[in-house]
Amino acid sequence: MTKPYVIDEMISAKSIAARIEALAGEIKDTFADTDKLVVVGLLRGSFVFIADLVRELDLNVEVDFLEASSYGDSMETSREVRILKDLRGEIGGRDVLVVEDIVDTGFTLSHVTQLLETRKPKRLETIALLDKPSRRETNIRATWTGFEIPDEFVVGYGIDYAQRNRNLPFIGKVRFT
Ligand code: PRP
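Calculation criteria
- Each chain carries its own residue numbering, running from 1 in the direction its sequence is written.
- A pLDDT threshold of at least 70 governs which residues receive local features in this predicted model, and a stricter bar of 80 or more applies before side-chain atom pairs are shown or counted, although totals over entire chains, interfaces and linings include all residues.
- Side-chain measures here rest on the full set of heavy atoms in the structure, leaving out hydrogens and waters.
- Helix and strand definitions here come from DSSP, where helices need a minimum of 4 consecutive H or I residues and strands a minimum of 2 consecutive E residues; each element is numbered from the N-terminal end.
- The contact rule is simple, with two residues in contact once any of their heavy atoms fall within 4.5 Å.
- When at least one non-hydrogen atom of a residue lies within 4 Å of a molecule or strand, that residue is treated as near it.
- Any N or O atom pair separated by 3.5 Å or less is treated as a polar contact, with the protein-specific requirement of one donor-capable and one acceptor-capable atom, and with residues adjacent in sequence counted only for side-chain atom pairs.
- Computed by Shrake-Rupley with a 1.4 Å probe, the accessible areas treat only the displayed protein chains as cover when residues are assessed.
- Salt bridge, as used here, is a side-chain nitrogen of Lys or Arg placed within 4 Å of a carboxyl oxygen of Asp or Glu.
- The classification of residues rests on relative accessible area computed with a 1.4 Å probe and restricted to protein chains. Under 20% of the type maximum is buried, over 50% is exposed, and intermediate values are partly exposed.
- Centre distance within 6.5 Å is the pairing criterion for rings of Phe, Tyr and Trp, where only the six-membered ring of Trp is used; planes under 30 degrees apart are then read as stacked, over 60 as edge-to-face, and the remainder as tilted.
- The criterion is that NZ of a Lys, or CZ of an Arg, lies within 6 Å of the ring centre and within 35 degrees of the ring normal, and then a charge sits over that ring.

Describe the side chain of T126, listing the residues and the values that go with them.
Among the structural elements, T126 can be located in strand 6 (residues 123-131). Among residues more than four places away in sequence, those in contact with T126 are L97, V98, L109, T113, R141, A142, T143 and W144.

Explain the site of the ligand residue by residue, including any values.
Around the ligand, a shell composed of 18 residues is seen, among which Y71, D101, T105, G106 and T108 lie nearest. In the environment of the ligand, an oxygen atom lies 2.9 Å from a nitrogen or oxygen atom belonging to the backbone of R44. A distance of 2.8 Å is found between an oxygen atom of the ligand and a side-chain nitrogen or oxygen belonging to D101. For the ligand, the protein covers 93% of the area, taking 490 Å² as the surface of the free molecule. Counting residues per element, the shell around the ligand draws most heavily on strand 5 (residues 95-103), which supplies 4 residues.

Lay out the pattern of salt bridges in plain terms, naming residues and giving numbers.
All chains considered together, the criterion is met by 16 salt bridges. A salt bridge links E152 to K173; the shortest N-O distance between them is 3.8 Å. Here E152 is found in the loop between strand 7 (144-148) and strand 8 (154-155), whereas its partner K173 is found in strand 9 (residues 171-176), with 21 residues between them in sequence. Taking relative accessible area as the criterion, E152 reaches 25% and is therefore assigned partly exposed. Connected through shared salt-bridge partners, D104, K132, R135 and D151 make up one network.

An account of the packing of aromatic side chains is requested, with residue identities and associated values reported.
Per the stated rule, a full pass over the model turns up 4 aromatic pairs. Relative to Y161, the ring of Y5 lies with its centre 4.9 Å away and its plane at 70°, an arrangement referred to as edge-to-face. Note that Y5 is positioned in strand 1 (residues 5-11) and Y161 in the loop between strand 8 and strand 9, a separation of 156 residues in sequence. One exposure class covers both Y5 and Y161, and it is buried. Following the ring pairs from residue to residue traces out a cluster consisting of Y5, F153, Y161 and F176. Sitting over the face of the ring of F176, K3 holds its NZ or CZ atom 4.6 Å from the ring centroid.

Structure, rendered in structure tokens:
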């Protein structure tokens with residue numbers, strides 16, 4: 001059950017698009033010598049971000065997905081990151097970019113990068129659209145961050161509240177009424 005709430009726009013679709021264009025340029029420069037970059041989206045929250053990001057990336061890319069979950073439908077992390085779906089492809093010796101929608105405590109990105117490093121990629125970098133540094137409980141920091149945000153409960157652009165609102169084209173702040 002969800003409590004009644006309204007959503008206030010926090011980051012517009014236009015601002016997100018502009019930031020992604022800039023980030024894609026930086027990623028392209030970093031991976032300029034790659035034959036093919038494996039772009040790994042962490043499901044489910046990153047599905048909108050990865051779709052927009054890869055279309056701005058002027059590189060050969062392969063898209064793969066990994067599903068990790070630590071929240072379920074709860075607002076609190078369980079601190080136990082479960083891998084619900086692993087990659088389809090091999091990443092040993094390859095250039096890899098992990099795409100995350102939001103880094104909050106950091107447990108998800110930390111767990112996933114540790115797991116993927118055991119597969120010995122040539123280079124592994126990370127990108128998160130949103131970062132809430134005030135909530136961090138791990139040392140992880142994404143290589144690239146779209147926007148640093150305060151400790152607000154956000155939805156939209158792939159991010160849910162109890163599986164709702166992932167389809168909003170902007171990032172919104174949840175305000176309980
Ligand atoms: C959310 C979000 C990030 C993670 C961030 O995933 O998509 O992956 O939490 O939180 P953390 O930094 O505290 O680990 P969730 O487990 O809710 O799954 P979802 O992506 O399917 O919504």
